[in-house]
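# Observations on the model geometry
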Amino acid sequence: GRNVDIVAKVTYKKGDEGVLYATGTQNSGLSLFVQNNKLVLDYNAFGDHTIVESANAVPAGDHELRLLLRRGDGMAGQLTLQVDGSDVATASVPLYMRMMSSVGPSIGHDHGSPVSTRYSAPYAYTGVLHEVVIESGKPRADVKAAEAQSEMNRQ
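Residues numbered from 1 in each chain as written. Predicted model: local features only at pLDDT ≥ 70, side-chain atom pairs only at ≥ 80, totals over all residues. Heavy atoms only, no water.

## Structural notes on the side chain of Gln 82
By secondary structure assignment, the location of Gln 82 is in strand β7 (residues 77–83). Exposure remark for Gln 82: the relative accessible area of 11% places this residue in the buried category. In terms of polar contacts, Gln 82 uses its side chain to reach the side chain of Asp 87, at 2.8 Å. Those residues within four positions of Gln 82 in sequence are excluded, and the remaining contacts are Leu 39, Glu 64, Leu 65, Arg 66, Leu 68, Asp 87 and Val 88. (Helix = DSSP H or I, 4+ residues; strand = E, 2+ residues; numbered from the N terminus. Buried < 20%, exposed > 50% of the residue type's maximum accessible area, 1.4 Å probe, protein only. Polar contact = N/O pair within 3.5 Å; in protein donor to acceptor, adjacent residues only side chain to side chain. Contact = heavy atoms within 4.5 Å.)

If you want it as structure tokens, here you go:
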């Protein structure tokens, strides 16, 4: 339920494509990938796919491609794609999943059943993927309060 940033550092050239980071399966999860020269996110909330895609092509060169997952009110959330710190696409989701899947993440490809219907697994990234960093934000005050209450209930 926290805010999360997924940051992929790449050297990109026109035509490179494939999964940068994926977690989950065809049942639920998310996949951050490059397709048709655009940065794409498929946020699969139990079969309800929210596709977020950059309007413009990713330019050739070294880039930081970032996905911002932001918790909203209740169960809602906000998804934002960035290229080098500039927002390139955004969408709201009614369900901000607290747990993506029991299946672990993939870096540079999508192992197992594909998260997205827009490709066949493993859809390995064909460019140079230097690293993927996951940055976890601090929990919101209401989350901290709920965790504290849950802990008190166990005592």
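## Remarks on the layout of surface pockets
A volume near 240 Å³ is recorded for the largest pocket. Along the wall of the largest pocket there are 14 residues; nearest its centre are Val 4, Leu 69, Met 97, Arg 98 and Met 100. Contributing elements (two or more residues each) for the lining of the largest pocket: β1 (4–12) and β2 (18–24). Tallied by class, the residues present in the lining of the largest pocket amount to ten nonpolar, two polar and two charged. (1 Å grid on protein atoms, 1.4 Å probe; cavity = no way out; pocket = protein on both sides within 12 Å on 5 of 7 lines; lining within 4 Å. Points joined across faces, edges and corners; volume = space filled by probe spheres on them. Nonpolar A, V, L, I, M, F, W, Y, C, P; charged D, E, K, R; others polar.)

## A word on the sheet that holds β1
Across the sheet, five strands lie side by side as β8-β7-β6-β1-β10; this open sheet has antiparallel pairing. Looking along the sheet, the strands with just one partner apiece sit at the ends: β8 (86–93) and β10 (128–136). Direction aside, the axes of adjacent strands within the sheet are offset by 15° on average. When β1 meets β10, the two strands line up antiparallel, connected through eight bridges. Note on β10: the bridge partner recorded for Ile 6 is Ile 134. (Pairing = 2+ DSSP bridges. Axes fitted to C-alpha atoms, helices over the stretch in contact; angles between N-to-C directions.)

## A look at the packing of aromatic side chains
This structure, assessed with the given rule, holds three aromatic pairs. Relative to Tyr 123, the ring of Tyr 119 has its centre 4.8 Å away and its plane inclined at 15°; by these criteria the two rings are stacked. Aromatic rings pair up to connect Phe 33, Tyr 119 and Tyr 123 into one cluster. (Phe/Tyr/Trp six-rings, centres within 6.5 Å; stacked < 30°, edge-to-face > 60°.)

Geometric values such as these leave the question of function open.
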